[in-house]
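If you want the building blocks of each chain, they are given just below.
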Amino acid sequence: DDAAVMKEDDRGKILKSFDAPDPLGPIIDKDLPAIARLLTEDDVRFRRGAIDFLELLDHQAEPVIGEICGALSDSDRFVRFSVLRTIKNLPGQKVNSDAVRALTNLLKDPDPDLSKSAAEAIEAIGPAAAEAVGPLAFIIANREIDMRNWDVEIRVAAMKALVAIGGQSAWTAVPQVLLALTDTDVRIRRSAAETIGRLGRLEDAELARRATAALQHALRDDDAEVRLNASEAILSIAATRKEL
């Protein structure tokens, strides 16, 4: 959010130095709701054009965040992609629970690119997407099953989203992350060990014990990065328990 404000301030300074008005100012002030209404048009060309424009507005599209999130269920794949990219630029705390639920539905989309983009949007939202923890945990723990393409990139993106959500809600997914510690793909094992170390304060002593035991086993992994991430995660868990 701070970076977005700085970017807007910089643009304003540049325009002022040339004694030029902000060309998007009138559109944002008056026409934004009308543009957002195009997201419900039957003609997909209108919907694509509207969301592409709103994506370009970056954080300035916040006044119509409800309409943007409503387009997550659009029938057109390209509209959904643009909506996911647009959400990444908007304040996470303004995204409502209906939108978070729509994002969790997209996590299960058979299109792996859409699924990964949904996980990245949840990561951008952060703590406000706490109700996505369950679906994220399911993806993290499961490989290619039931004709779903839970590939490595999607599962790593899900772990990053889990870290962004943080707090005790994220710790409910630790058992699934521990399963990923024994995955056959080294990239998943690396990410799993790193995720446990980054999840922050842990108040459940039994879960901490289980996590520490699994991480100690990971210290014998053939991959040096897995071992390093596991050792750092053990230290993180030990430090948080000491604070209690």
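That block above? That's the structure.
Residues numbered from 1 in each chain as written. Predicted model: local features only at pLDDT ≥ 70, side-chain atom pairs only at ≥ 80, totals over all residues. Heavy atoms only, no water.

Enquirer: Where do I start with the packing of aromatic side chains in this structure?
Expert: A ring pair, where both rings are aromatic, is described by two values, the distance of the centres and the angle of the planes. Per the stated rule, a full pass over the model turns up 0 aromatic pairs. Its end group placed over the ring of phenylalanine 78, arginine 77 keeps NZ or CZ at 5.8 Å from the ring centre. (Phe/Tyr/Trp six-rings, centres within 6.5 Å; stacked < 30°, edge-to-face > 60°. Lys NZ or Arg CZ within 6 Å of the ring centre and 35° of its normal.)

Enquirer: Just to check I follow, could you spell out the side chain of arginine 80 for this structure?
Expert: Within the secondary structure layout, arginine 80 lies in helix H5 (residues 77-87). Summary of buried charges: arginine 80 has no salt-bridge partner, and the nearest side chain of opposite charge, aspartate 109, is 4.1 Å away. Not counting chain neighbours up to four residues away, the residues in contact with arginine 80 comprise Ala71, Leu72, Asp74, Ser75, Leu106, Asp109 and Leu114. (Helix = DSSP H or I, 4+ residues; strand = E, 2+ residues; numbered from the N terminus. Buried < 20%, exposed > 50% of the residue type's maximum accessible area, 1.4 Å probe, protein only. Lys, Arg positive; Asp, Glu negative; His and termini not counted. Salt bridge = Lys/Arg side-chain N within 4 Å of Asp/Glu carboxyl O. Contact = heavy atoms within 4.5 Å.)

Enquirer: I would appreciate a short explanation of the nonpolar core in the present structure.
Expert: Looking at soluble globular proteins, one finds that nonpolar side chains tend to be buried together. Judged by nonpolar contacts, the single largest core of 75 residues is most densely connected at Leu54, Ile68, Leu72, Ile122, Ile196 and Leu215. With near-sequence residues (within four places) excluded, isoleucine 68 lies in contact with Leu39, Ile51, Leu54, Ala61, Val83, Thr86, Ile87 and Leu90. (Core = buried A, V, L, I, M, F, W, Y, C linked by side-chain atoms within 4.5 Å.)

Enquirer: How do you make sense of the pattern of salt bridges when you look at a structure like this?
Expert: All chains considered together, the criterion is met by 18 salt bridges. Here arginine 47 makes a salt bridge to aspartate 74, at a shortest N to O gap of 2.6 Å. Taken together, the residues span a long stretch of sequence, with arginine 47 in helix H3 (residues 44-56) and aspartate 74 in the loop between helix H4 (65-70) and H5 at a distance of 27 residues. On the basis of relative accessibility, which here comes to 10%, the residue aspartate 74 falls in the buried class. Here lysine 116 ties to glutamate 120 by a salt bridge, and the two come within 2.6 Å at their closest N and O atoms. Taken together, the positions of lysine 116 and glutamate 120, both in helix H7 (residues 112-125) and 4 residues apart, correspond to about one turn of that helix. According to the relative accessible area criterion, lysine 116 is partly exposed, its value standing at 24%. Residue glutamate 120 is classed as partly exposed on the basis of its relative accessible area, which comes to 22%. Taken together, the shared-partner salt bridges connect Arg77, Asp111 and Asp113 into one network.

Enquirer: How should the environment of isoleucine 139 be read in this particular structure?
Expert: Residue placement: isoleucine 139 occurs in helix H8 (residues 133-141). Since its relative accessible area comes to 1%, isoleucine 139 is described here as buried. Spatially, the C-alpha atom of isoleucine 139 lies 8.3 Å from that of leucine 107, the residues being 32 residues apart in sequence.

Enquirer: Whenever I open this one, the side chain of arginine 189 confuses me. Can you help?
Expert: Note on placement: arginine 189 falls in helix H12 (residues 186-198). Accessibility expressed as a relative area gives 13% for arginine 189, which makes it buried. For arginine 189, the side chain forms a polar contact with the side chain of aspartate 221, separated by 2.7 Å. The residues contacting arginine 189, other than those within four sequence positions of it, are Ala180, Leu181, Thr182, Asp183, Thr184, Asp221 and Val226. (Polar contact = N/O pair within 3.5 Å; in protein donor to acceptor, adjacent residues only side chain to side chain.)

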